[in-house]
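An overview of the molecular structure
What follows is the residue order along each chain.
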Amino acid sequence: MAGQLEKGTLLGMGNPLLDLQTDVDQAFLDKWSLKANDAILADDKHVPMFTELVDKYNIEFIPGGATQNALRVCQWILNQPKVATFFGAVGKDNYAETLEQKASEAGVNVKYQHHPEIKTGTCAALILGEHRSLCAHLAAANCFTTDHLDIPENKESVEKAKFYYIAGFFLTVCPPAIIRVATHAAEHNKVFMMNLSAPFLSQFFKEPMLAALPYVDILFGNETEALEFSKNNDFNTDKISEIALKIGSWDKVNKKRKRMVVITQGDQPTIVAMDGKITEYPVKSLTKEQLVDTNGAGDAFVGGFLAQYIQGKSVAECVECGNYAAHAIIQQQGCTFPSKCDYHH
């Protein structure tokens, strides 16, 4: 149990999606041009895939969306309601109600922007062995506008928070909202955090990513995403530690804070670049039997890290809790967790 934290200490902004999770075979991924261990945005050719999944597969509906997942895990660990506030756009339908209910049950203070004429976003979470392939149909999530930040109580949420976390996926939706929150954080010396989130973002959304990066105090990512970032920014290296250091030394708006770069590598050590130095944190291995699926593992790591970081804990403790949370989620379907959190440092 954490010490008492103020409500609204952490603010997240992202795409609230309902995961449609099911096991598939390689033929299904090939049919829809999907890769294992990848995350993409659905295009028109994927729309019939969602119908096929609902009609022919045994689907589990699990609350998703990377930022919202991280906040739910953070709340699960803290076990104090409404430490985290979440902004994102949904429709006015059953999916939106399910998402709001699940996030609220976990303790997140959900402040959705509703778009009644558009359906709530979904994400096909396709499990093949220990890998997951994500294909997101953003729908309403794609309609988020900065107007939501102008509503007085939401403006107050932004001003009240001391830490901000936005997954990279939001770069495809509303960069102006990201920059607005980031600017507030920099001007008030608060902590602004993002995630590389998926290889396609470094490739196709490089411009908004590089516009946001100077504001980022802590950047998360995994090894695949780090390699793609390196490739698209001519780092000329595929050494993860070198990539992390180069991102760490990228130009920064708020000079009062050094940038930290945290790269997870599955069961290989977690790499942290800070102050021109690399620290590696080993990860406990799981047996094949314990690996249910890796959907949500990266988000869970961030949630665990944040739960300690917003309490002022050391980086080592933050990483330890991040890996604890990732382990717990890997042993469950999707980004879901046991009812009780037994994390003790």
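Residues numbered from 1 in each chain as written. Predicted model: local features only at pLDDT ≥ 70, side-chain atom pairs only at ≥ 80, totals over all residues. Heavy atoms only, no water.

In the nomenclature of an unreviewed UniProt entry, the chain corresponds to Adenosine kinase from the organism Plectus sambesii. Its UniProt record, at the heading Subcellular location (unreviewed entry), says of the chain: "Nucleus". Its UniProt record, at the heading Subunit (unreviewed entry), says of the chain: "Monomer." (UniProt positions renumbered as here; feature names shortened; annotations may be inferred.)

Within the secondary structure layout, Glu-225 lies in helix H10 (residues 223–232). Within the buried core, Glu-225 has no salt-bridge partner, and the shortest N-O distance to an opposite charge, that of Arg-132, equals 5.4 Å. If we ignore the near neighbours within four places in the chain, the residues touching Glu-225 are Asn-195, Leu-196, Ser-197, Ala-198, Pro-199 and Ser-202. (Helix = DSSP H or I, 4+ residues; strand = E, 2+ residues; numbered from the N terminus. Buried < 20%, exposed > 50% of the residue type's maximum accessible area, 1.4 Å probe, protein only. Lys, Arg positive; Asp, Glu negative; His and termini not counted. Salt bridge = Lys/Arg side-chain N within 4 Å of Asp/Glu carboxyl O. Contact = heavy atoms within 4.5 Å.)

Here we come to the sheet that holds strand S6 (residues 109–114). Sheet strands pair by backbone hydrogen bonding; their relative direction is either parallel or antiparallel. Read across the sheet, nine strands follow the order S6-S5-S1-S9-S10-S11-S12-S13-S14 without closing on themselves; strand pairing throughout is mixed. Single-partner strands in this sheet number two, and they are S6 and strand S14 (277–281). Between one strand axis and the next, the sheet turns through 15° on average, direction left out of account. As paired strands, strand S12 (residues 260–265) and strand S13 (residues 268–274) are joined by five bridges and run antiparallel to one another. Its bridge partner lying in S13, Val-262 is registered against Val-272. (Pairing = 2+ DSSP bridges. Axes fitted to C-alpha atoms, helices over the stretch in contact; angles between N-to-C directions.)

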